[in-house]
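Analysis of the macromolecular model
Below are the chains, spelled out letter by letter.
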Amino acid sequence: MSQYFAVGEQTLWNPSNGPGRLFVEVAKALESVAELPCGIGVGRWGPGDPDSHGIDLPAFTAFTDALVRRYRGSSHLILRSLMEGFIATAIVLVERGGGTVPALSEEPGTDNRDVQVGPHGRAPKADPDRLVELAAEHSGSMAW
């Protein structure tokens, strides 16, 4: 068995059950971080099919963009580490759906909600290329 993530009739990703279900659960958990709904809902085969996940591309793109902004603006390594695998996968889905994530190319703000301070003061913000590189790596291993 596998999961289907689609925008309308266009399948964006067809992972096995474990990664697919985990992706949905992590998306739901990250809604409070993004302060937006994730945009993942019922797929093309209706509410009775737990393996089909429709993606509302505008909502999912806004959600992903908000997470990228939070990630890039944070100096907290653990927060970023917990988020980055999901975000990289989400970027691939947005791009496969024909969208873009503006926060990847914009100058990040500073997020003061979760600050990590080390022996030399405030830790640095995220490397701007990290998510792009990780998304490219994920894309190569994500079945359509």
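These figures come from a predicted structure and were not determined experimentally.

Considering the sheet that holds strand β4 (residues 52-55)
Within a sheet, adjacent strands bond to each other through the backbone by hydrogen bonds, running parallel or antiparallel. Reading across from one edge, β2-β1-β4-β3 is the order of the 4 strands in this open sheet, with mixed pairing throughout. Looking at strand neighbours, the two that pair on one side only are β2 (10-13) and β3 (40-42), the edges of this open sheet. This sheet shows a mean twist of 45 degrees between the axes of neighbouring strands, independent of strand direction. In the sheet, strand β1 (residues 4-7) pairs with β2 via 3 bridges, with the strands oriented antiparallel. Note that in β2 the partner of Phe5 across the bridge is Trp13. Across the sheet, helix α3 (residues 77-96) touches β2 and β4, and the angle it forms with β2 is around 160 degrees.

Overview of helix α4 (residues 130-139)
All of the buried residues in α4 are Leu131, Leu134, Ala135 and His138. Each buried residue of α4 sits inside an arc of 105 degrees when the element is viewed along its axis, so together they form one side. Every exposed residue of α4 that faces more than 90 degrees away from the buried side is listed here: Glu133, Ala136 and Glu137. Here the buried face of α4 lies against α2 (57-73) and α3.

Let's talk about the pairing of β1
Bridge count for β1 against β4 is 3 bridges, and the pairing is parallel. Residue pairing in the sheet places Ala6 in a bridge with Gly54 of β4. The antiparallel hairpin formed by β1 and β2 contains 2 residues in its connecting segment, where Gly8 sits at a positive phi of about 60 degrees.

The rules we used
- Residues numbered from 1 in each chain as written.
- Predicted model: local features only at pLDDT ≥ 70, side-chain atom pairs only at ≥ 80, totals over all residues.
- Heavy atoms only, no water.
- Pairing = 2+ DSSP bridges.
- Helix = DSSP H or I, 4+ residues; strand = E, 2+ residues; numbered from the N terminus.
- Axes fitted to C-alpha atoms, helices over the stretch in contact; angles between N-to-C directions.
- Contact = heavy atoms within 4.5 Å.
- Buried < 20%, exposed > 50% of the residue type's maximum accessible area, 1.4 Å probe, protein only.
- Arc of directions from axis to C-beta.

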